[in-house]
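Here is what each chain is made of, one letter per residue.
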Amino acid sequence: MTAKHVLTALAATAAAALTVTATTTSTAAPARASACGAGYVGLTFDDGPSGNTTQLLGALRQNGLRATMFNQGQYAAANPSLVRAQVTAGMWVANHSYTHPHLTRLSQAQIDSEISRTQQAIANAGGGTPKLFRPPYGETNATVKSAAARYGLTEIIWHVDSQDWNGASTDAIVQSTARLTNGQIILMHDWPANTLAAVPRIAQALASRGLCAGRISPQTGRAVAP
């Protein structure tokens, strides 16, 4: 083969390589962009931290999910290392009152105490200053809303209830996520074994629908990109 033939062959090889690279790049970028094409949903877990938290965080991380953890102040104060673990795992930490009472039955001063002590407990544990608040049982009124607002908190309820607190099966918990649409929030809990078992399948179910787990915006109260 002459020198001219060698140069021609090398040029052809380089051109082919460039074509392959360009094709690979152009197809990969849209694939990444379309992964969350249907939008974002808010996964929320109430009542932690608990003895189940470490396993739950491991399952969420292994399946590429991030969630908002609505912690009770009494448990945050008793388990500060678990609050830090939530943050380290990429979760968002939020306020779920101190002792989980029926807030609408309490005085304004008692409501204030439930919220303020939880803010302090989470901050002291290394969870930052929460921006989101979920009243226990989803029970709220004007007094509860105004108390939350005084502490710079956005009240967050939910669009879908997984019923995990009511003994829902793993199948039922997974199926409940099928009702979620862009921006919506699902209620789950930190402690049920069936919820922990559902996490990998929840990740698969969301991905199959082009949905990603997002953060909850304090401005809109809806799930958005992290």
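Residues numbered from 1 in each chain as written. Predicted model: local features only at pLDDT ≥ 70, side-chain atom pairs only at ≥ 80, totals over all residues. Heavy atoms only, no water.

Novice: Help me understand unusual backbone geometry, please; the structure alone is not making it clear to me.
Specialist: The phi angle of most residues is negative, glycine excepted, and most peptide bonds adopt the trans form. The amide bond that connects Gly48 to the next residue, Pro49, takes the cis arrangement and shows omega of -10 degrees. Looking at the element boundaries, Pro49 is found in the loop between β1 (39-46) and α2 (53-62). A positive phi angle is found at Asp47, which is not glycine, with a value near 80 degrees. Mapped onto the elements of the fold, Asp47 is located in the loop between β1 and α2. The backbone of Ser97 shows a phi angle near 75 degrees, a positive value even though the residue is not glycine. The topology assignment puts Ser97 in the loop between β3 (92-95) and α5 (108-124). Classification of Ser97 by relative accessible area gives buried; the value is 0%. (Helix = DSSP H or I, 4+ residues; strand = E, 2+ residues; numbered from the N terminus. Buried < 20%, exposed > 50% of the residue type's maximum accessible area, 1.4 Å probe, protein only.)

Novice: Which parts of the structure should I look at to understand the pairing of β1?
Specialist: Residues in a regular strand point their side chains to alternate faces of the sheet. Summarising burial for β1: seven of the eight residues are buried, a large majority. In this sheet, strand β8 (residues 211-213) lies alongside β1 in parallel orientation, the contact comprising three bridges. Bridge pairing in β8 links Gly39 to Leu211. Relative to strand β7 (residues 185-189), β1 runs parallel, the two sharing five bridges. (Pairing = 2+ DSSP bridges.)

Novice: Would you explain the pattern of salt bridges in this entry?
Specialist: Two side chains with opposite charge may pair up if their charged atoms get near one another. The tally for this structure, following the rule as stated, stands at five salt bridges. With its nearest N and O atoms 2.8 Å apart, the salt bridge here joins Asp46 to Arg134. Within this pair, whereas Asp46 is found in strand β1, its partner Arg134 is found in the loop between β4 (132-133) and α6 (142-150), the two being separated by 88 residues in sequence. Given the relative accessible area of 2%, Asp46 is considered buried. Arg150 is paired through a salt bridge with Asp112; the nearest N and O atoms lie 2.8 Å apart. Of this pair, Arg150 sits in helix α6 while Asp112 sits in helix α5, and the two are 38 residues apart along the sequence. With a relative accessible area of 44%, Arg150 lands in the partly exposed category. (Salt bridge = Lys/Arg side-chain N within 4 Å of Asp/Glu carboxyl O.)

Novice: What is the right way to read the state of the cysteines from this model?
Specialist: Considering all chains together, one arrives at one disulfide under this definition. Put simply, Cys36 and Cys212 are joined by a disulfide, and their sulfur atoms are 2.0 Å apart. One disulfide, between Cys36 and Cys212, carries an S-S torsion of -80 degrees and so falls in the left-handed class. Highlighted residues: Cys36 in the loop between α1 (3-34) and β1 and Cys212 in strand β8, separated in sequence by 176 residues. Cys36 sits in the partly exposed class, given a relative accessible area of 22%. According to the relative accessible area criterion, Cys212 is buried, its value standing at 17%. (Disulfide = S-S within 2.5 Å.)

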